[in-house]
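Inside the fold
Residues per chain, in single letters:
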Amino acid sequence: MVKINSDYTLLRSSYLFSTIAGKVKEYEQNNPDANIIRLGIGDVTRPLTGTIIDSLHKAVDEMASESTFRGYAPDLGYEFLRSAIARNDYELRGCDISADEIFVSDGAKSDSGNIQEIFSKDCRVAVCDPVYPVYVDTNVMAGRAGTYDEESGKWSNIIYMPCTRETGFLPEIPSETPDIIYLCFPNNPSGSTMTKSRLQEWVDYAVRNKAIIIFDAAYESYIRNEDVPHSIYECEGARECAIELRSFSKNAGFTGVRLGFTVIPKTLSVDGVTLHSLWARRHGTKYNGAPYIVQRAGEAVYSEEGKKEIRGLVDYYMNNATYILNGLKAAGYEVSGGVNAPYIWLKTPKGMSSWEYFDYLLKNASVVGTPGSGFGPSGEGYFRLTAFGDADKTKEAVDRIVNM
Ligand code: MLT
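Being a predicted model, the structure only gives us computed values, none of them experimental. (Residues numbered from 1 in each chain as written. Predicted model: local features only at pLDDT ≥ 70, side-chain atom pairs only at ≥ 80, totals over all residues. Heavy atoms only, no water.)

1. Description of the overall build of the chain
Looking only at helices and strands, the chain has 12 helices and 17 strands in total. On the principal axes, the C-alpha backbone points of the chain span a range of 60 × 55 × 50 Å. Across the 404 residues of the chain, 54% fall into the buried class. Long-range contacts, defined as pairs at least 24 residues apart, comprise 72% of the intrachain contacts of the chain with a sequence gap of at least 6. When the accessible surface of the chain is totalled, it reaches about 17,600 Å², and 49% of it is carbon and sulfur. (Helix = DSSP H or I, 4+ residues; strand = E, 2+ residues; numbered from the N terminus. Buried < 20%, exposed > 50% of the residue type's maximum accessible area, 1.4 Å probe, protein only. Contact = heavy atoms within 4.5 Å. Areas by Shrake-Rupley, 256 points an atom, 1.4 Å probe, with all protein chains shown as cover.)

2. Quick notes on the packing of aromatic side chains
In this structure the tally under the stated criterion is 23 aromatic pairs. Members of the aromatic cluster, connected to one another through ring pairs, are Tyr219, Tyr222, Tyr316, Tyr317, Tyr343 and Phe388. One Lys or Arg, arginine 384, reaches over the ring of tyrosine 343 and ends 3.9 Å from the middle of that ring. (Phe/Tyr/Trp six-rings, centres within 6.5 Å; stacked < 30°, edge-to-face > 60°. Lys NZ or Arg CZ within 6 Å of the ring centre and 35° of its normal.)

3. What about the side chain of glutamate 220?
Looking at the secondary structure, you find glutamate 220 in the loop between strand E8 (212–216) and strand E9 (242–247). Residue classification places glutamate 220 among the buried positions, given a relative accessible area of 10%. In this structure glutamate 220 touches Pro186, His230 and Arg246, once residues within four positions along its chain are discounted.

4. As for helix H5 (residues 133–141)
Counting buried positions along H5 gives seven out of nine residues, so the element sits mostly inside the fold. Within H5, burial applies to Pro133, Val134, Tyr135, Val136, Thr138, Asn139 and Val140. Of the residues one or two after H5, glycine 143 is the one with positive phi, at around 80°.

In short, shape yes, function no, at least from these values alone.
Following this line, the structure appears as structure tokens:
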């Protein structure tokens, strides 16, 4: 008789953002006149820019002609895109990463969920707490997380690294030694950042302990401060211990288009096996690549005009971040993030729990945010607002919150 993968039954009932969407839908049905402003999920709202749209149109036209039509994409992605990434994201930042160490994909969410497949089920995983839920959920699905304890909100086999006000919302080296360490900086959800010297300590730690860092750099284009690294490969030794995940969603607005990439240096090996060869094998077997037209759009992101437009998008969202940060601060909220990241992390007022504040905000201001506890136990008592909304609506949301 067929059996299901029982590890799936261990998962919490639904993905965090699906739970929120369900609650908002119910509220909307009960309050049809409510003018809801959504600052919950980190989904972009600005349209794709002109250069990207032109490249998409051009690529679509190419698909209509026999001489320029393209079928399956190469396993690792088209050379034109991988070269543009290697040059702009790595060479120009002084990082030693070549085009054939880049795997193009349909986005960082799937890569961050799938990457754990190439590691043994016995590996101990360490995550920041709070954390982007995909890292934990996919390790639960893989049977690597152990059992869930309702009271602590923790999985028995996962090592949690609390990122609290006391630690500046940064992780500290854990007392137990992990095999796989997930780091996301600029951070989702707290918007905190790590300086290069701090990240170097993690790289040194991983090399010393033969651990692998999975570094999610999806928000690197929001970095403003000079001492914050855009890539983990800016640190010495990272080629020996780190995999990097990148996205076109947050910088270029590709959440609905889908494009990302993963970098695995060829020098990264475990017991004499290169992780590059394992991921290439997986990619070849399970994946037929991001669509040609989307990869052409990705290439356009690196054109001179494209870069200018993308900076405009990021600036637009960062103006929102500044408005939220300053507005809430002036109203007496304890807030952080929002300086090198599109997320603002606030302490819930009056001792409310994260979900109590979610309901309170929805009911009294018709504003949707994300409860901090949805990202892990140390997120309890906190709340995340995203800067990815429309500028006018964002201002209105802040005004409503401060006037509640
Ligand atoms: C978020 O809101 O945390 C992001 O949208 C998640 C994602 O990029 O998948």
